[in-house]
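# Observations on chain architecture
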2 protein chains.
Amino acid sequence: MRELTDGDSLRLLATVRFGRMVVNRHSVPMIRPANHLVEGDDLIIYASLGGAPLYPDRQVVAYEADTIDHETQLGWCVILTGPAEVVGDDEEVARYERLTDPWLPGARRRILRMCPDVVTGIELVGAAGVPRSANGS
Amino acid sequence: MRELTDGDSLRLLATVRFGRMVVNRHSVPMIRPANHLVEGDDLIIYASLGGAPLYPDRQVVAYEADTIDHETQLGWCVILTGPAEVVGDDEEVARYERLTDPWLPGARRRILRMCPDVVTGIELVGAAGVPRSANGS
């Protein structure tokens, strides 16, 4: 295992289109798959919490994406933690909807912008020391 | 997308060996990859929170595993939520260590037993309606 720099972590995160968003709901941890987009230092999350009426606005969320392979047990894992807010401006929402086409299911989708305070990235490398991400996977 | 029964969700979860554990730490959501084992209706989590001194003992945790493919956008996603406790009995710890060989990195590993209150499972099926999990992936 080797630790990744913040820059490498964000670059890897930008190579995939989905991850998992984590929020506290009434002190209970809640996790849902979500599509995302890296924009500069920010993470744009296309979040769907199912029938949940409340979205984490101005609240700390965590977001994880990885390419860890069930067979080879190799890949990378990136976790961002920081405050997120719902993007409320109609023009911004329209811009983000043009930028990507979220494919994970879910009604009542909201777009969140997260400003990461903490970036954690690890790479699981094989016995030969060859990182899986070097293959572009 | 189709929803999975609790039984199907647990059976799929048992076909893979890792997922992501979510806990609240000082009101901040924290997510870490972890190896797991389904034992009856319980989930055994081989948790590593890095240098964190505290483990979620008698606290609600969430656990997610999926086989969603970055390319095909197909697969399944199962989420369990419920109270977990650290397995403290030495003989039980030894038994769980014999039952599986956790391969995700991390010092200070603890074994948690979670009794799921809520089981959520979805399957993302392709245009042909063929579930990816039917291929065993």
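Before any of the text, the structure's been laid out above.
Residues numbered from 1 in each chain as written. Chains lettered and ligands numbered in written order. Predicted model: local features only at pLDDT ≥ 70, side-chain atom pairs only at ≥ 80, totals over all residues. Heavy atoms only, no water.

Rotating chain B by 180 degrees about the axis while translating it 0.0 Å along that axis superimposes it on chain A, leaving an RMSD of 0.0 Å. A rotation of that kind, with that shift, is consistent with a two-fold axis. Residue P29 of chain B, judged by its C-alpha, is the member of chain B lying nearest the rotation axis, at 3.2 Å. Here 100% of the interface residues in chain B have copies in chain A that are interface residues too; the copies meet face to matching face. (Least-squares fit on C-alpha atoms with pLDDT ≥ 70 in both. Contact = heavy atoms within 4.5 Å.)

Quick look at the interface of chain B and chain A now. Across the boundary between the two partners, chain B contributes 32 residues, which contact 32 residues of chain A. Taken together, both faces of the contact between chain B and chain A bury some 2,700 Å²; the carbon and sulfur share is 72%. When the buried area of chain B at its contact with chain A is split by residue, P29, I31 and H70 of chain B rank highest and sum to 22% of it. Joining chain B to chain A, the criterion identifies four salt bridges. Among the ionic pairs, R20 of chain B bridges to E64 of chain A, the shortest N-O distance being 3.4 Å. Connecting chain B to chain A are nine residue pairs in polar contact (both at pLDDT 80 or more). Put simply, the parts of the chain that give the side of chain B that touches chain A at least two residues each are strand 2 (18-25), strand 3 (28-39), strand 5 (59-66), strand 6 (75-86) and strand 8 (118-124) of chain B. Looking at the side of chain B that touches chain A residue by residue, the classes come out as 20 nonpolar, six polar and six charged. (Buried area = accessible area lost by both parts, 1.4 Å probe. Salt bridge = Lys/Arg side-chain N within 4 Å of Asp/Glu carboxyl O. Polar contact = N/O pair within 3.5 Å; in protein donor to acceptor, adjacent residues only side chain to side chain. Helix = DSSP H or I, 4+ residues; strand = E, 2+ residues; numbered from the N terminus. Nonpolar A, V, L, I, M, F, W, Y, C, P; charged D, E, K, R; others polar.)

Turning our attention to the packing of aromatic side chains. Inspection of the entire model under this criterion finds zero aromatic pairs over all chains. The aromatic ring of Y96 of chain A is capped on one face by R95 of chain A, whose charged end is 4.6 Å from the ring centroid. (Phe/Tyr/Trp six-rings, centres within 6.5 Å; stacked < 30°, edge-to-face > 60°. Lys NZ or Arg CZ within 6 Å of the ring centre and 35° of its normal.)

Now for the pairing of strand 5 (residues 59-66) of chain A. All names here are of chain A. Burial runs high along strand 5: six of the eight residues are buried. Direction of pairing for strand 2 (residues 18-25) relative to strand 5: antiparallel, over a ladder of three bridges. Along strand 5, the bridge assignment pairs V22 with A62. Bridge count for strand 5 against strand 6 (residues 75-86) is eight bridges, and the pairing is antiparallel. Among the inter-strand pairings, Q59 is bridged to a residue of strand 6, identified as A84. (Buried < 20%, exposed > 50% of the residue type's maximum accessible area, 1.4 Å probe, protein only. Pairing = 2+ DSSP bridges.)

To continue, consider the environment of R110 of chain B. With respect to the element layout, R110 of chain B can be found in strand 7 (residues 110-114). In this structure, the C-alpha to C-alpha distance between R110 of chain B and G88 of chain B, residues 22 residues apart in sequence, is 8.9 Å.

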